[in-house]
Amino acid sequence: MGRYILRRLISVIPTLIGVTLVIFLFQRLIPGDPAVAMLGEHATAENVARIREQFGLDKPAFLDRDALAEGDLPGFFDSQYVSYFGRLLQFDLGDSIHRRIPIAETLEERFPATVELALLAMGLSLIIGIPIGILSAARRNSILDGTTMVGSLVGVSVPIFWLGIMEIMLFAVILKWLPSGGRLSSGVAIEPITNLLLLDSLLTGNWAGFTDALKHIIMPAVSLATIPTAIITRMTRSSMLDVLQEDYIRTASAKGLAERVVLFRHALKNAFLPVITIIGIQVGSLLAGAVLTETIFSWPGIGKWVYDSILGRDYPIVQGVTLLIAIIFMLVNLLVDLSYAMLDPRISYE
Amino acid sequence: MTETTPVLDDLTDFAVREHRSLWLDAWRRLISNRTAMIGLIVVTIFVLSAVGAHFFWQYDAKMDLDYGAKLVAPVLRVSEEFPEIHIFGTDKLGRDIFRRVVHGGWNSLRVGLVAVSISLAIGGNLGLFAGFFESADLNRFEKTLLMAGIGLSLGALPAWIARQPFQSLLFGLLGIVSVSTPSFLADKSKLRRLLFGIFGMLVGAIFGFIVGPMVALVCGVIGLGIGLLLAKPVSGKVFSNIVMRIMDIILSFPSYLLAIAIVAFLGPGLEKGMIAIGVVGIPIYARLARSAVLSVTQKEYVLAAQSVGEGHGRILFKHIVPNILSPIIVQATMGLANAILSAAALGFLGLGAIPPEPEWGAMLGDSYKYLSSGAWWAVLFPGLAIMFSVLGFNLLGDGLRDALDPKMRV
Amino acid sequence: MKPLMEIKNLTTRFHTQDGTVNAVNGISYSLDQGEILGVVGESGCGKSVHALSIMRLIQIPPGEIAAGEVIFDDRDLLKLSDKDMRSVRGHEIAMVFQDPMSSLNPVYTVGFQISEALILHKNMNKRQAKERTIELLNLVGIPEARKRFDNFPHQFSGGMRQRAMIAMALSCEPKLLIADEPTTALDVTIQAQIINLVIKLQQELGMSVMWITHDLGIVAEMVHRINVMYAGSIIERGFVDDIYNHTLHPYTMGLLGSLPSIDEAPGTKLISIPGLPPDLVDLPSGCPFFARCTYREERCAKEQPVLENGLEEGHSVACWRWREIQKMGVS
């Protein structure tokens, strides 16, 4: 098993390098002079020089053939990409252009907010999606099944940013039940332990803090959970339907097992394999969807940060956060593969 | 015995069910599927209104401005106060939202079609060939082409370093030589590889020496590597592996995020959005087409065609392509829905259509800041437009899947 | 002696998009204690569906058991509550299916899947069930049964899986074992092993067996009586010798004729029945075999023949012309 994990980890490396390459190439997409594009037309010469220095814009992109022609072998490798990659290996994501502080620093305070939101949204999707998916497969063509199918199609079709806006309109503007944005009301403080506010407030027994944090997170979490819920429901349903056609399900019924046992013991474990893949993919959609959801609800996570950075043309932040999300996404998918191997006895580790 | 047996004149099998073509059958299933029909109707309304508005209902976004009618709630009847009908109300610049929603449909339709076309044209073909090369034995000509291509593209690196384009042609030639001499020293493959390696090294070093000794050294090492690689003619699986690895890289990004990031760097604009959404969709079609091809090539009818010696091109387009169409059609329909949704998201973030161009996402992005003033109509209707058009394509795609999937046939 | 099971007018339909499929059309017969009954017919003749109807394993919808009674041990199975029916399944009536490759759940061990029934019906605890399962695996001839208990189905060969399926079916000592083409998916040598195993176990345990197959050759050796089914109806029924020696129905003649025999001179052509069975959605009003029958006459197209007693005791046939055909002296 250990060797299998190691082999899978190694197989990820080329893709990971490819990902850094794509992210590096992003800045080549910028029309015109990147330094000017980042700082605007009226940038001081000093600032432009600083940006050129930071990005090594005066160096060639990948390899320096001129240096090599002059017999300088180390100079051959002194390029933008090589130094970018070298910095990444030291966990240096670069600096923000405008705030001039390392991206990693801001990430530390921003990332937990996104994680908290994503975890809650994923929890909601799983708690709602899987049982409903199982039930509608078991009661195929019933009213419940029909409602589920239509509901889940609406769920994948609704723009989540619009759903968020409509939630704010209803619950914050008209009914005034919930705050329209942010993570905590001003004046409420929660002692940081994990920086996940719901968890921290529970750990410190801070009930007022907990309810306030919950009120803030509920709307963004619901709108972020919409698409994953719909997709997980559909996938669970269709995967269960496939499995329920299998001969071994008939065998289980012929044994005299109750329907509940057939569904949850014999069908679910088989049906769950494709669902896990979908769950893994949904983690990606949660992190990406955070850009929209966090923007609408002014949620101080990495999504809102990316949005602000796009508007401010702070490209290193966009690159850094995109890379981080891609890496997380890859790791999650790796975990999915590994759990596949654990759940399905037909897959051997070697 | 024959005398007593009343042989009826026609022993036709009236028991055999009448023949129906796959597509006709699919169409019948589609129209008997209620949700699919609703989807088809919604899509038809959406397409007709978008196309109709674009060609027959003049709208100049740049001139559309009426400060006198800012944020007017829906007006269904003309009165003293409201001289004009606005069934969806007006926005912050006094523009009629109904009109902008209808014209926004044209943009959404355009984005959807262009983006899906990009994904499908590139991804579908990559997947088709990857799957086919992976499963089929390449013939001489195809192998030559493949090896020449590998030689040329790998040779481009030393050629670039030494500024000698001719060099890469030589590596391409080496690839061809490798294919046309399969038996040459094949039993002493170490010697064969050594010869190829030395030749590659010489090519690299000689051309590099024109520029300088260090370049000769680097190019020589690279040439040696390429030569060793070219010594063994590769199978089609290599091509497939390379393509799918690149697809994996694109798939390592959550799709939304990649589109947002691309447009963030390219700069806003509807056309750039189309490209970004299209590029992001490429791997989906590549994977789908590849796996469909792989499953089809194991089918008896393809094996039969191969065994009677039909050419690869003929097998590919006559036997394989028609049989992988249905999952592709379903995915493309769903892909339209997805592209419309992504385009709206880009528009909402200010990365899509440039104002005052009417685009649903951008209209939402413009208006949601006025939410506290209670102008619900300015966000409700563009959102509903997105939802219904996306839902329409999704319903249609779902129905198509049921209709085209032969597994579901009873 | 009272029969173990008596089926009266069993009718099963499926409501599909293409129309109502009349899979089983009012069949009636009885099955004695300790009897081995062969149910023979082409694929799609309703033989499996009728078995699944007895077990009430038909998916409803699209299926529907439209009419009939299944009297088993003085109870009508079709009228039992779901809970009571569950205690019949696997306990009093057990079933072995056609494809052993797909009939075992791939994610659970073979041992677990066999013990499951024991824990459920015999109130055993896990340990007792395990011991009993190992005995059963031994009984069906799986070597190193104790080690094999923890194997997953994919670690078993096809023949071993079918043995495991039989062990599972026999685990609760059922009164009736329904074997639905249990050897079709296996190769010939293993087929014989499985058949011998079932005969041996039947004699040891004294249960009744219903053996469903499309292969008349297989059942000849092992069964007592045969039901020949065609298009959802029983068209001939009787003791195995009578069926073979005094075949009454033209369809059965065709089936026997299409059986290759070692005795035949080399070069003899295999006889096949022309045409296809009728569309079950749109059954002809007369005899279902009409379209393919060499002996058909006008009456056959209009009226459906019902089972009537033939020459011997317990031999019945559904054909208008069986007497005339007999006189022609064809066999």
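Residues numbered from 1 in each chain as written. Chains lettered and ligands numbered in written order. Predicted model: local features only at pLDDT ≥ 70, side-chain atom pairs only at ≥ 80, totals over all residues. Heavy atoms only, no water.

1. Side note on the pairing of strand β7 (residues 176–180) of chain C
For a regular strand, side chains alternate in direction, first toward one face of the sheet and then toward the other.
Residue and element names in this part refer to chain C.
Item 1. With respect to burial, β7 is a largely interior element, 5 of its 5 residues being buried.
Item 2. The side-chain alternation of β7 yields two buried faces, one formed by L176, I178 and D180 and the other by L177 and A179.
Item 3. Relative to β7, strand β6 (residues 93–96) runs parallel, the two sharing 4 bridges. Across the sheet, residue I93 finds its bridge partner in β7, namely L176.
Item 4. Relative to strand β8 (residues 208–213), β7 runs parallel, the two being bridged by 5 bridges. Looking at the pairing, I178 lines up with M210 of β8. (Buried < 20%, exposed > 50% of the residue type's maximum accessible area, 1.4 Å probe, protein only. Helix = DSSP H or I, 4+ residues; strand = E, 2+ residues; numbered from the N terminus. Pairing = 2+ DSSP bridges.)

2. Some points on the interface of chain B and chain A
Item 1. Every contact between the two is made by 48 residues of chain B and, on the other side, 53 residues of chain A.
Item 2. Both sides together, the interface formed by chain B and chain A hides about 4,800 Å², and carbon and sulfur atoms give 79% of it.
Item 3. The interface formed by chain B and chain A holds 1 salt bridge in total.
Item 4. Linking D398 of chain B and R234 of chain A is a salt bridge whose minimum nitrogen-to-oxygen distance equals 2.6 Å.
Item 5. Between chain B and chain A we count 4 residue pairs in polar contact (both at pLDDT 80 or more) in total.
Item 6. Of all the elements in the fold, those that place two or more residues in the side of chain B that touches chain A are α4 (140–162), α7 (213–230), α8 (236–251), α9 (255–266), α12 (312–348) and α14 (376–404) of chain B.
Item 7. Residue contributions to the side of chain B that touches chain A peak at 13 residues, all from α14 of chain B.
Item 8. Residues belonging to the side of chain B that touches chain A are distributed by class as follows: 39 nonpolar, 4 polar and 5 charged. (Contact = heavy atoms within 4.5 Å. Buried area = accessible area lost by both parts, 1.4 Å probe. Salt bridge = Lys/Arg side-chain N within 4 Å of Asp/Glu carboxyl O. Polar contact = N/O pair within 3.5 Å; in protein donor to acceptor, adjacent residues only side chain to side chain. Nonpolar A, V, L, I, M, F, W, Y, C, P; charged D, E, K, R; others polar.)

3. Considerations on the packing of helix α3 (residues 97–135) of chain B against helix α10 (residues 270–297) of chain B
All names here are of chain B.
Item 1. α10 packs onto α3 with a crossing angle of 35 degrees between their chain directions and a minimal axis gap of 5 Å. Crossing angle aside, the handedness with which α3 passes α10 is right-handed.
Item 2. Across the contact of α3 with α10, the residue classes break down as 21 nonpolar, 10 polar and 4 charged. (Axes fitted to C-alpha atoms, helices over the stretch in contact; angles between N-to-C directions. Left-handed = near helix turned anticlockwise from the far one by under 90°.)

4. Focus on the packing of aromatic side chains
Item 1. Per the stated rule, a full pass over the model turns up 20 aromatic pairs over all chains.
Item 2. Taken together, a centroid distance of 5.7 Å and an interplanar angle of 50 degrees make the contact between F62 of chain A and Y81 of chain A tilted. Here F62 of chain A is found in the loop between α3 (45–55) and α4 (65–69), whereas its partner Y81 of chain A is found in helix α6 (residues 80–89), with 19 residues between them in sequence.
Item 3. Accessibility expressed as a relative area gives 11% for Y81 of chain A, which makes it buried.
Item 4. Judged by centre distance (5.2 Å) and plane angle (70 degrees), the ring pair of F133 of chain B and F239 of chain B falls under edge-to-face. In this pair, F133 of chain B sits in helix α3 while F239 of chain B sits in helix α8, placing the two residues 106 residues apart along the sequence.
Item 5. Taking the relative accessible area as the measure of exposure, F239 of chain B reaches 24% and is therefore partly exposed.
Item 6. In this arrangement the basic side chain of K269 of chain A is found over the ring face of Y108 of chain C, its NZ or CZ atom lying 5.0 Å from the centre.
Item 7. When the ring centre of F156 of chain C is taken as reference, the NZ or CZ atom of R148 of chain C above it lies at 5.2 Å. (Phe/Tyr/Trp six-rings, centres within 6.5 Å; stacked < 30°, edge-to-face > 60°. Lys NZ or Arg CZ within 6 Å of the ring centre and 35° of its normal.)

5. Observations concerning the sheet that holds β6 of chain C
Strand pairing in a sheet takes place through backbone hydrogen bonds and is either antiparallel or parallel in direction.
Residues and elements named next belong to chain C.
Item 1. Spatially, the 8 strands line up as an open sheet ordered β6-β7-β8-β3-β9-β10-β12-β11, and their pairing is mixed. On the outer flanks of this sheet lie β6 and β11 (308–309), each paired with one strand and no other.
Item 2. Strands in contact with helix α11 (residues 250–257) are β3 (36–40), β9 (225–230) and β10 (233–239); relative to β9, the strand with the most contacts, it is inclined by about 105 degrees.

6. Brief notes about the pattern of salt bridges
All names here are of chain C.
Item 1. Evaluation of the coordinates by the stated rule reveals 27 salt bridges over all chains.
Item 2. The residue E35 makes a salt bridge to R225 at a minimum N-O spacing of 3.1 Å. With a gap of 190 residues between them, E35 in the loop between β2 (19–31) and β3 and R225 in strand β9 connect regions that are remote in the sequence.
Item 3. Residue E35 is classed as buried on the basis of its relative accessible area, which comes to 5%.

7. Description of the confidence of the model for chain C
Interpreting fine coordinate detail is not advised for predicted regions of low pLDDT.
Item 1. Per-residue pLDDT for chain C averages 82, and the proportion of residues at 70 or more is 94%.
Item 2. Overall fold confidence for the complex sits at a pTM of 0.82, while the interface term, ipTM, reaches 0.86. (pLDDT = per-residue confidence, 0-100.)

8. Digging into the environment of L186 of chain C
Residue and element names in this part refer to chain C.
Item 1. By secondary structure assignment, the location of L186 is in the loop between β7 and α8 (188–205).
Item 2. The spatial distance from the C-alpha of L186 to the C-alpha of M101 is 9.8 Å, given a sequence separation of 85 residues.
Item 3. With residues near it in sequence (within four places) discarded, L186 still touches P100, G158, G159, Q162, Q191 and I194.

9. Some remarks on the sheet that holds β2 of chain C
Residues and elements named next belong to chain C.
Item 1. Taken together, 4 strands build an open sheet; the order of strands is β2-β1-β4-β5 and the sheet is antiparallel. Across the chains shown, the open sheet's two edge strands, defined by having one partner strand only, are β2 and β5 (75–76).
Item 2. Taken together, the 8 bridges between strand β1 (residues 5–16) and strand β4 (residues 63–72) define a ladder with antiparallel strand orientation. When the sheet's bridge partners are listed, E6 is paired in β4 with I71.

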